[in-house]
Amino acid sequence: MRGSGRARREDRVRFWQAIAVGAKTREAGQAAGVSEPVAHRWFRHAGGVNPQLPSTVSGRYICSAERENIALWRAQKVGVREIARRLNRSPSTISRELRRNASTRTYQLEYKASTAQWHAERRSARPKAAKLVTRERLRQYVQEKLSGEIVTAEGEVVGPTGPVWDGKNKPHRGDREWVTAWSPQQIAKRLPLEFPDDSTMRISHEAIYQSLYVESRGGLERRQSWHLRRGRTKRMPRARTRQQTWAHVTEDTVLDKRPKEVEDRKIAGHWEGDLIIGLKRSAIATLIERTTRYAILVHLPRQPGYGVLAPKKNGPALAGYGALTMKDALIKSMSSLPAALRRSLTWDRGKELSAHALFTEETTVPVYFADAKSPWQRGSNEHLNGLIRQYFPKGTNLSRWSAVEIAAIATAINNRPRGILGWKSPAEAFEDQLRSVRQPTVATTS
């Protein structure tokens, strides 16, 4: 794999082809045969915008394969006219190639194919000057509509001071500058209405996006990309937006593989689960049995080091609902149930249960994941979460409640009579199921 150096056109073409089908930057770099830092630099400098490089150059120009042959034959001391004859090129073309595109870092000119290709592509780049560079009035209009100040009726500028520009996406959960923030499409569509007779006041929304994302386009400061609604500093490739972050949902755990007996709710032991989230990454896990509507609330305390150790990418989840922590908490909560009342668990698609295979291995309870954006497939659990919000409203810190206090809330909910149970309480209905599975089997004789 090449590090930096002189990448060929074919390398960049393969890189952007991989990006176009949804590959991550690192994976696209591997496909192109370059190192990860080089791949990230290509993506960052292009602002995530595919430069649409043609895979081959015109036959009029020397291509990279021909340059490799030239370099090889020159090393073998083959003459210019012989190289020209073998490539069916003019000797002057070969002579000019050797003179113009050789390496200049040594005392004697040394011809290398990769260096020559880089020189040729650098010279061939003749970008057209962007409209926002050459048209001052148009640029001022775009900047005003995109980044203009917010003022009161008295003309006073209001809003927080924005963060220091670091070249990354907008700060997470931090203040952003208050600006007019028209979208590039709104700006482009408004121009013909405000300047119907001035053809110079025209620009497409794509040109505005490229001026923001691509460093070499010019016209607008890249910092102004924070003034876009999403605040991204690089374009998100379309194929990536279609990808889902649910790699933990395997083919065997989709809802279609769940036993059909779960649907009619006649057999007890099938559970639904999810998290309710509070402030400061606090959470409580909620479980409900589909037949009896019996609820279990799982306490998820902070892990040692939370609030002390700095968050670390791919580091331990200290908030209380990391995959392994979640798995252990569910096992502890469900292990006291009889096996007959632990038949399956249907969960939302959250990554907190990505250790479901270990959970199933230790409890023999298969886990199934509901379809994306389909809360009705876990209707009982969604209803339970609504009841729980009476005690734990949104926007409150759930970590301040102990396991004993959370269990008391579960007891109160389980003792409420339910119309769907003939006004029995879930606790009574669940107790009936417990008695039925604990009755000893009596052998019959003929």
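Here, every reference points to the structure presented above.
Since we're looking at a predicted model, the values are computed, not measured. (Residues numbered from 1 in each chain as written. Predicted model: local features only at pLDDT ≥ 70, side-chain atom pairs only at ≥ 80, totals over all residues. Heavy atoms only, no water.)

Colleague: If you had to explain the nonpolar core to someone new, which residues and values would you point to?
Modeller: Residues Leu287, Leu300, Met326, Leu330, Leu345 and Trp347 are the most contacted members of the largest nonpolar core, which totals 28 residues. At the level of secondary structure, the elements contributing two or more residues to this core comprise strand E1 (270-277), strand E2 (283-289), strand E3 (295-299), helix H13 (323-334), strand E4 (344-347), strand E5 (367-369) and helix H17 (426-438). With 5 residues, H13 is the largest single contributor of residues to this core. (Core = buried A, V, L, I, M, F, W, Y, C linked by side-chain atoms within 4.5 Å. Buried < 20%, exposed > 50% of the residue type's maximum accessible area, 1.4 Å probe, protein only. Helix = DSSP H or I, 4+ residues; strand = E, 2+ residues; numbered from the N terminus.)

Colleague: Got a sec to walk through a positive patch on the surface? Specific residues and values, please.
Modeller: On the surface, a cluster of positive charge is contributed by Arg96, Arg99, Arg100, Arg122 and Arg123. When contributions to the positive patch are tallied by element, the ones reaching two or more residues are helix H6 (91-100) and helix H7 (113-124). Among the elements that make up the positive patch, the one with the highest residue count is H6 (3 residues). With respect to the secondary-structure elements, Arg122 resides in helix H7. For Arg122, a relative accessible area of 42% corresponds to the partly exposed category. (Patch = residues over 30% accessible without salt bridge, like charges linked within 9 Å, V, L, I, M, F, W, Y side chains within 5 Å. Areas by Shrake-Rupley, 256 points an atom, 1.4 Å probe, with all protein chains shown as cover. Salt bridge = Lys/Arg side-chain N within 4 Å of Asp/Glu carboxyl O. Lys, Arg positive; Asp, Glu negative; His and termini not counted. Charge placed at Lys NZ, Arg CZ, Asp CG, Glu CD.)

Colleague: Could you give an account of the packing of helix H1 (residues 9-20) against helix H3 (residues 36-45), with specific residues and numbers?
Modeller: It is at 12 Å that the axes of H1 and H3 come closest, and there the two elements cross at 75°. Looking at the two axes, H1 sits roughly perpendicular to H3. Contact with H1, carried on its side by Asp11, Arg12, Phe15, Trp16 and Ile19, involves Ala39, Trp42 and Phe43 of H3 and no other residues of that element. For the contact of H1 with H3, a count of residues per class yields 6 nonpolar, no polar and 2 charged. (Axes fitted to C-alpha atoms, helices over the stretch in contact; angles between N-to-C directions. Parallel < 35°, antiparallel > 145°, perpendicular 65-115°, else oblique. Contact = heavy atoms within 4.5 Å. Nonpolar A, V, L, I, M, F, W, Y, C, P; charged D, E, K, R; others polar.)

Colleague: Quick one: what's the story with the pattern of salt bridges, residue by residue and with numbers?
Modeller: Under the criterion given, the structure shown has 20 salt bridges. Here Lys327 ties to Glu362 by a salt bridge, and the two come within 3.1 Å at their closest N and O atoms. A residue pair is termed long-range when its members are at least 10 positions apart, and Lys327 in helix H13 and Glu362 in helix H14 (residues 356-363) qualify at 35 residues. Judged by relative accessible area, which is 8%, Lys327 ranks as buried. Exposure remark for Glu362: the relative accessible area of 49% places this residue in the partly exposed category. Of the charged contacts in the structure, one is a salt bridge between Asp432 and Lys424, with a shortest N-O distance of 2.5 Å. Lys424 gets classed as partly exposed once you look at its relative accessible area, which sits at 32%. Salt bridges sharing partners connect three or more residues here, namely Lys424, Glu431, Asp432 and Arg435.

Colleague: Quick rundown of the sheet that holds E3? Include the residues and the values.
Modeller: Spatially, E3-E2-E1-E4-E5 is the arrangement adopted by the 5 strands of the open sheet, whose pairing is mixed. Every interior strand has two partners, whereas the edge strands, E3 and E5, have only one. Neighbouring strand axes in the sheet, compared pairwise and without regard to direction, differ in orientation by 25° on average. Pairing analysis gives 7 bridges linking E1 to E2, with the strands arranged antiparallel. If you follow Leu275 over to E2, its bridge partner there is Ala285. (Pairing = 2+ DSSP bridges.)

Colleague: Describe the layout of surface pockets, and please don't skip the residues or the numbers.
Modeller: Roughly 680 Å³ of volume is contained in the second largest pocket. As for the second largest pocket, its lining consists of 27 residues, and the residues nearest its centre are Tyr213, Arg232, Arg235, Met236 and Pro237. For the lining of the second largest pocket, the secondary-structure elements that each account for two or more residues are H1, helix H11 (205-213) and helix H12 (238-241). Residue composition of the lining of the second largest pocket, by class: 13 nonpolar, 7 polar and 7 charged. (1 Å grid on protein atoms, 1.4 Å probe; cavity = no way out; pocket = protein on both sides within 12 Å on 5 of 7 lines; lining within 4 Å. Points joined across faces, edges and corners; volume = space filled by probe spheres on them.)

Colleague: Describe unusual backbone geometry, naming the residues involved and giving the relevant values.
Modeller: With a phi angle near 55°, Lys280 is a residue other than glycine that sits in the positive phi range. Turning to its location among the elements, Lys280 is positioned in the loop between E1 and E2. One non-glycine residue, Thr364, lies in positive phi territory at about 65°. Considering the arrangement of structural elements, one finds Thr364 in the loop between H14 and E5.

Colleague: So what's going on with the pairing of E4? Which residues, and what values?
Modeller: Of the two faces of E4, the one carrying Ser344 and Thr346 and the one carrying Leu345 and Trp347 are both buried. Pairing of E4 with E5, which is carried by 3 bridges, proceeds in the parallel orientation. Note on E5: the bridge partner recorded for Thr346 is Tyr368. Between E4 and its parallel partner E5, the chain crosses via H14, and the hand of that crossover is right-handed. (Right-handed = clockwise from strand over helix to strand, strands pointing away.)

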